[in-house]
Amino acid sequence: MKKFLVALLLGGTVLLGACSTTGHFVTPPDTQLVVMGRSLEVPADGVVTTKPFFWSAAGGIPYRLEKNGEVVQAGKLRAKFRVASIFWPPAGAIYWPMGFNPDITYDLVHQKQE
């Protein structure tokens, strides 16, 4: 029974991690980040978590920064293939294979992705 509970907890953790992507952002003040049509809230620590993206994001994740309803900056964010999508049933590698690169910071103030 104990092994079953450990396996269940571990499996649940893997599944929760497999259905989201996290990126670190620096954005100009008073701007709204919109990524592939999704309006994302960037907290003070800059850590943003959202649903993963389809294959169309393989060449870069389209984004725009809006201020007072007007686009002030637009471009593409570097994407990374999510290995966890291979293990996500029924077909995560087909529907949600791309995500933010967790190893870099998307600095949209200085327009750097390092």
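Residues numbered from 1 in each chain as written. Predicted model: local features only at pLDDT ≥ 70, side-chain atom pairs only at ≥ 80, totals over all residues. Heavy atoms only, no water.

Visitor: Help me out: how do you make sense of the pattern of salt bridges in this one?
Guide: Opposite charge on two side chains makes pairing possible when the charged atoms of those side chains draw close. Taken as a whole and judged by the stated rule, the model has two salt bridges. E66 is paired through a salt bridge with R64; the nearest N and O atoms lie 2.6 Å apart. The partly exposed category is assigned to R64, whose relative accessible area is 32%. A salt bridge links K80 to D103; its shortest N-O distance comes to 3.3 Å. Of the two residues, K80 is situated in strand β7 (residues 79-81) and D103 in the loop between β8 (98-100) and β9 (105-107); the sequence distance between them amounts to 23 residues. (Salt bridge = Lys/Arg side-chain N within 4 Å of Asp/Glu carboxyl O. Buried < 20%, exposed > 50% of the residue type's maximum accessible area, 1.4 Å probe, protein only. Helix = DSSP H or I, 4+ residues; strand = E, 2+ residues; numbered from the N terminus.)

Visitor: Honestly, the sheet that holds strand β5 (residues 61-67) in this entry has me stumped. Any pointers?
Guide: Backbone-to-backbone hydrogen bonds pair the strands of a sheet. The strands run either parallel or antiparallel. The four strands lie next to each other as β3-β2-β5-β6, forming an open sheet whose pairing is antiparallel. Edge positions in the open sheet fall to β3 (38-40) and β6 (70-77), since each of these has one partner strand only. Here the average twist between neighbouring strands, direction ignored, is 25 degrees. As paired elements, strand β2 (residues 32-35) and β3 share three bridges and run antiparallel to each other. Across the sheet, residue V35 finds its bridge partner in β3, namely R38. (Pairing = 2+ DSSP bridges. Axes fitted to C-alpha atoms, helices over the stretch in contact; angles between N-to-C directions.)

Visitor: What should I look at first to understand the environment of A79 in this one?
Guide: Along the chain, the position of A79 falls in strand β7. It is 9.4 Å that separates the C-alpha atoms of A79 and P102, two residues lying 23 residues apart in sequence. When neighbours within four sequence positions are excluded, A79 is seen to be in contact with A57, I61, M98 and G99. (Contact = heavy atoms within 4.5 Å.)

Visitor: How should the packing of aromatic side chains be read in this particular structure?
Guide: Within a pair of aromatic rings, the relevant descriptors are the distance that separates the centres and the angle that separates the planes. A complete count under the given rule lists five aromatic pairs for this structure. Centroid distance F25 to F100: 5.2 Å. Interplanar angle 80 degrees. Geometry classified as edge-to-face. Here the residue F25 occupies a position in strand β1 (residues 21-26), and F100 occupies one in strand β8, the gap between them amounting to 75 residues. Judged by its relative accessible area of 5%, F25 is buried. (Phe/Tyr/Trp six-rings, centres within 6.5 Å; stacked < 30°, edge-to-face > 60°.)

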